[in-house]
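# Examination of the molecular architecture
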Amino acid sequence: MTIVGLDDTDSREHGMCTTYAAAQVAKQLRREAGAAVARTLLVRLNPAVEYKTRGNAALAIHTDCDPARAFEISQGVLESLAETRDERTNPGLVVADVDPDAGEDAIPASLARFSTRAIRDHLSRAAAETLITDHDYQSWHAGNGRGRIGALAAIGAWRALSDWTYEQISYREPERWGTPREVDHNSVFAAAAAGYPDVWDTVDRGENEPVCVPHTPGPILHGIRGDYPEAVHRVAEQIDSEPVYSSHLFVTNQGTDVHLRDVTVTVGADSGSGITEADTGAATTTTLQDGRAYRLDARVVAEPETRRGGHVFVDVEPKGVAVDDADSTASSPSTLSCAAFEPTKRFRDHVRALRPGDRLTVCGELAGGTLKLEKVAIRDLDTTDLVTPVCPDCERTMESAGRDQGYRCRDCGTDAPGKERTEIERGLELGWYEVPPCARRHIAKPLVRGGFDGPVHPER
Ligand code: ATP
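Throughout what follows, the structure given in this document is the object of discussion. None of these values were measured; they are calculated from a predicted model. (Residues numbered from 1 in each chain as written. Predicted model: local features only at pLDDT ≥ 70, side-chain atom pairs only at ≥ 80, totals over all residues. Heavy atoms only, no water.)

Attention now goes to the packing of helix H4 (residues 125–135) against helix H5 (residues 147–160). H5 packs onto H4 with a crossing angle of 50° between their chain directions and a minimal axis gap of 8 Å. Taken as axis vectors, H4 and H5 run oblique relative to one another. Relative to H5, H4 is oriented so that their crossing is left-handed. In this structure, H4 contributes Arg125, Ala128, Glu129, Leu131 and Ile132 to the contact, and H5 contributes Arg148, Ile149 and Leu152. Taken together, the residues that form the contact of H4 with H5 break down as five nonpolar, no polar and three charged. (Axes fitted to C-alpha atoms, helices over the stretch in contact; angles between N-to-C directions. Helix = DSSP H or I, 4+ residues; strand = E, 2+ residues; numbered from the N terminus. Parallel < 35°, antiparallel > 145°, perpendicular 65-115°, else oblique. Left-handed = near helix turned anticlockwise from the far one by under 90°. Contact = heavy atoms within 4.5 Å. Nonpolar A, V, L, I, M, F, W, Y, C, P; charged D, E, K, R; others polar.)

The structure is reproduced here in structure tokens:
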């Protein structure tokens, strides 16, 4: 058995898409070598990587083709399809002589670790080259060869990950690439409603947007995502559109939240307070770093603020966590600034409704010292407020009796020592809130998929 990993074939200006290249490789493996293709993986890597064209996707094809033949065929496809006119396109191909289905240890552990790091961290080309040499894999690249990082990560993913979803991608006739897409709006919404909740992120009902249809010049007509192969296939079939040139099913880590690093506070460790990245196993104390995504518990410490452009910011205090960025916009070193940017639309209303004292779990990527919120769990709401006391006799609001002298009612002569706590109505419920489908990152897990530790308020 053989795994073919490939990455970095497309260009923002010229189009193309590595999923299409992978579908073509699968087709040629069947056609030219008579090989069987067991599955094609679409693996989303760290969404914060600066070199990405769009969604930081890498692809792996699991086939029974002889490795040398698979290499030859794949190289031919990449050479003809990769958009190397764009100097930022650096295609990479790696072919591993391993059987992905031969049990837990078939794929080397070092490769699985590389995949996890490619999803949650930043890797060097040298690290990829070392692994390729160590394992004697065949590889090819153009440009600076950066694509081999993603290609290798896609190969290791089958061992590294356990939560898999599906995407049925339908492609356009090549002569239509770059022209407006003809997809019947109503049929997309009807198919999305019929497929929900097994099929998700097909449309955004709040924005009236068919999010499964891209706006980019590339070959994709629509991509239908969900939990089961039959379900995504059925929804794709129900959409009325221009002719579908070809269609391919991908097994993917989309919608899984596997990019998030769990962070828990450790107080009183040897080096003082710090954070532990629970998923790494070892209790290492570290600081939050830009370009990585986190899930952490925090307390709101300031009123949310809507800034120019409609972006909503809220400062939280994740106890013991340091933020490794001098540009941090937070009001003090122990606070973390969280943002719900304008494109997250109605999600901002929930963030705006937060108040100091609320306890949360926040998820998102740290960029420029600010956590870009993807989802938030409200764990506890502060339901009390301090108000000026009311006179028990005349029921009018008392007035200040002077600095530190409490309040009094001039007419009735009653007084009170200070402000009083009163219960208030909150327009929020406990549980998980998420950005709407139109703002969802490929890798972020929609609440409708379940498995969250609290009530959920899914967006659709
Ligand atoms: P495409 O459809 O071409 O795959 P994309 O949005 O997925 O578009 P790429 O063009 O693949 O982005 O660019 C991402 C580049 O960054 C690739 O060369 C990939 O190997 C590399 N890369 C991916 N993840 C990491 C990482 N964690 N650290 C360093 N480099 C990475």
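Following the structure, the description resumes.
Attention now goes to unusual backbone geometry. With the exception of glycine, most residues fall at negative phi, and the peptide bonds are largely trans. A cis geometry characterises the amide bond from Tyr196 onward to Pro197, with omega recorded as 5°. Within the fold, Pro197 resides in the loop between helix H6 (185–195) and strand E7 (199–200). Even without a glycine there, the phi angle at Asp8 is positive, about 65°. If you check the backbone angles, Asp201 has positive phi at about 55° while not being a glycine. Positionally, Asp201 belongs in the loop between E7 and strand E8 (220–226). For Asp201, a relative accessible area of 14% gives the class buried. (Buried < 20%, exposed > 50% of the residue type's maximum accessible area, 1.4 Å probe, protein only.)

The subject of this paragraph is the environment of Ala293. The topology assignment puts Ala293 in strand E14 (residues 293–300). Ala293 sits in the buried class, given a relative accessible area of 6%. A C-alpha to C-alpha distance of 5.2 Å links Ala293 and Gly364, two positions 71 residues apart in sequence. Non-local contacts of Ala293, meaning those with residues more than four positions away in its chain, are made with His259, Leu260, Arg261, Gly364 and Glu365.

Take the packing of aromatic side chains next. Counted under the stated rule, the structure contains five aromatic pairs. Here Tyr20 and Tyr171 contribute two aromatic rings whose centre-to-centre distance is 5.1 Å and whose plane-to-plane angle is 70°, an arrangement assigned as edge-to-face. Highlighted residues: Tyr20 in helix H1 (residues 18–33) and Tyr171 in strand E6 (residues 165–171), separated in sequence by 151 residues. The residues Tyr20 and Tyr171 share a single accessibility class, namely buried. (Phe/Tyr/Trp six-rings, centres within 6.5 Å; stacked < 30°, edge-to-face > 60°.)

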